There are 2 protein chains.
Amino acid sequence: MPTFDGTDARILLALIKDSRQTVVAMAERLGLSRNTVQARMAALEKREVFLNFDHRVNTAALGYPLTAFISVHVQQQKLQQLGTALAAIPEVVEAHGLSGRADLLVRVVSKGAEDLFRVNGKILACEGVERTETSLAMNELVPFRLTPLLERELDK
Amino acid sequence: MPTFDGTDARILLALIKDSRQTVVAMAERLGLSRNTVQARMAALEKREVFLNFDHRVNTAALGYPLTAFISVHVQQQKLQQLGTALAAIPEVVEAHGLSGRADLLVRVVSKGAEDLFRVNGKILACEGVERTETSLAMNELVPFRLTPLLERELDK
DNA sequence: TGCTAGTCTGCGCATTATGCCTACTTTTGA
DNA sequence: TCAAAAGTAGGCATAATGCGCAGACTAGCA
């Protein structure tokens, strides 16, 4: 049973505040015993609460300052192979199949405008792709965050 | 100058393989000295290559199995305040201002279909929002990954 | 009421990592 | 070619880790 309680939330929130802090530090900060925190962490890990480290890497700092979301309209039958075709493009960082009209939302990073144009071309060239619609991410209106969701669990 | 070389890439790739491995372990795995890895890590951190820990948390495991992308069309003048209005909705996990026609792309998580409907309503109720268009993420065609980009840096 | 299972606690122990230091060598680039 | 930057090697005190174990405290259940 993947139960998730307030203590787990507090541990995650502590990690968000400082991801490099040690288990002992968290234990005393949270008023828990070291063993508890350690056991909880192990449990969280086993329940796959932690995603790949990739997620924590800033693409801008890697030399890819531009992020774009590309809507891709495809012929439904070709969806499977399209997955591998898209995965072959390094700049494709993430792709979701969407409900609604049979299409995809592809997250792409690039070094600049021309580069983005080139990547878009690579996507268009994939078997099964009918058309694409590129939207450049201009700003982060709400930067990725889970703290509000976690704080909601605190009283449990 | 935010230079990023092959060694940095190797360090990040090692972290992606096992994010909990120690500095000494990485050093011997990569054939570098402990000091080098430590210095590199510090430099990466200073250059803000690492994002918040939030990014590594699996929302599904937290009890929010659904992810949706909501396109939000807004009156441009109201963009600023809309940022704070959206930030007040816990299920809004991320929001980008976009170029092109759809003004905002909002990433939302929810506990289920009804919940998603409710969240969409909250977004619609925000001052300045004209209409929204919800797409449910059905599958991860390409799960988030940066390894191809990093491997590209290896030979440098 | 008493049993059981699960969790949290507190403690100890050996091993290992960390942070910081100095000195020396290699690489880099102006 | 020379100077600056980066890497290597080693040491050292402190601290964290992984592990085990016994006891306390709940909660569910017959």
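Description of the structure in this document. On a predicted model such as this, the values are computed, not experimentally measured, just so you know.

Let us look at unusual backbone geometry. Working note: non-glycine residues mostly have negative phi, and peptide bonds are mostly trans. Located in the positive-phi region is Glu48(A), a residue other than glycine, with phi close to 60°. The topology assignment puts Glu48(A) in the loop between helix H3 (34–46) and strand E1 (66–74).

Time to look at the nonpolar core. Counting 28 residues, the largest nonpolar core has Leu12(A), Leu150(A) and Leu62(B) as the members making the most contacts within it. Per-element accounting of this core gives the leading share, seven residues, to helix H1 (residues 6–17) of chain A. Setting aside residues no more than four positions away along its own chain, Leu12(A) makes contact with Phe4(A), Leu44(A), Val49(A), Phe50(A), Leu150(A), Val57(B) and Leu62(B). Among the nonpolar cores identified, the runner-up in size contains 27 residues, and Leu62(A), Ala14(B), Leu30(B) and Phe50(B) belong to it.

We now examine the protein's contact with DNA strand D. Around DNA strand D sit Thr22(A), Val23(A), Val24(A), Arg34(A), Asn35(A), Gln38(A), Leu32(B), Ser33(B), Arg34(B), Asn35(B), Thr36(B) and Arg40(B), and that is every residue in its neighbourhood. Among the atoms of DNA strand D lying within 4 Å of the protein, the sugar-phosphate backbone contributes 57%. The side chain of Arg34(A) places a nitrogen or oxygen atom 2.9 Å from a base oxygen of DNA strand D. Within the backbone of Ser33(B), a nitrogen or oxygen atom sits 3.1 Å from a phosphate oxygen of DNA strand D. Only helix H2 (23–30) and H3 of chain A together with helix H3 (34–46) of chain B provide two or more residues apiece to the surface near DNA strand D. Here the surface near DNA strand D gets four residues from one element, more than from any other, and that element is H3(B). Split by residue class, the surface near DNA strand D holds three nonpolar, six polar and three charged.

Judged by pairing direction, the barrel is antiparallel, and its eight strands sit side by side in the order E1(A)-E3(A)-E2(A)-E4(B)-E1(B)-E3(B)-E2(B)-E4(A) before closing back on the first. Here the strands of the sheet are splayed against their neighbours by 35° on average, with no regard to which way each runs. Summarising the sheet, strand E1 (residues 66–74) of chain B and strand E3 (residues 104–110) of chain B pair through seven bridges and their orientation is antiparallel. Residue pairing across strands places Thr67(B) opposite Val109(B), the latter belonging to E3(B). Most of the contacts of helix H5 (residues 113–124) of chain A go to strand E4 (residues 129–142) of chain A, to which it runs at about 140°, and overall it touches E1, strand E2 (92–98), strand E3 (103–110) and E4 of chain A. Sitting on the sheet, helix H4 (residues 79–87) of chain B is in contact with E4 of chain A together with E1, strand E2 (92–98), E3 and strand E4 (129–142) of chain B, with an inclination near 90° to E4(A).

This brings us to the interface of chain A and chain B. On the side of chain B, 65 residues touch chain A, which itself brings 65 residues to the contact. Across the interface of chain A and chain B, roughly 6,600 Å² is buried in total on both sides, 59% from carbon and sulfur atoms. Of all residues in chain A, Phe53(A), Arg56(A) and Phe144(A) give up the largest surface area on contact with chain B, accounting jointly for 12% of the area buried on that side. The interface formed by chain A and chain B includes six salt bridges. Of the charged contacts in the structure, one is a salt bridge between Arg107(A) and Glu94(B), with a shortest N-O distance of 3.4 Å. If you look at where chain A meets chain B, you find 32 residue pairs in polar contact (both at pLDDT 80 or more). Mapped onto the side of chain A that touches chain B, the elements with two or more residues apiece are H1, H3, helix H4 (79–87), E2, E3, E4 and helix H6 (147–152) of chain A. Relative to E4(B), E2(A) runs antiparallel, the two sharing four bridges. In the strand pairing of E4(B), Gly97(A) is matched with Asn139(B).

Here is what the cut-offs are and how they apply
- Residues numbered from 1 in each chain as written.
- Chains lettered and ligands numbered in written order.
- Predicted model: local features only at pLDDT ≥ 70, side-chain atom pairs only at ≥ 80, totals over all residues.
- Heavy atoms only, no water.
- Helix = DSSP H or I, 4+ residues; strand = E, 2+ residues; numbered from the N terminus.
- Core = buried A, V, L, I, M, F, W, Y, C linked by side-chain atoms within 4.5 Å.
- Buried < 20%, exposed > 50% of the residue type's maximum accessible area, 1.4 Å probe, protein only.
- Contact = heavy atoms within 4.5 Å.
- Near = heavy atom within 4 Å.
- Polar contact = N/O pair within 3.5 Å; in protein donor to acceptor, adjacent residues only side chain to side chain.
- Nonpolar A, V, L, I, M, F, W, Y, C, P; charged D, E, K, R; others polar.
- Pairing = 2+ DSSP bridges.
- Axes fitted to C-alpha atoms, helices over the stretch in contact; angles between N-to-C directions.
- Buried area = accessible area lost by both parts, 1.4 Å probe.
- Salt bridge = Lys/Arg side-chain N within 4 Å of Asp/Glu carboxyl O.

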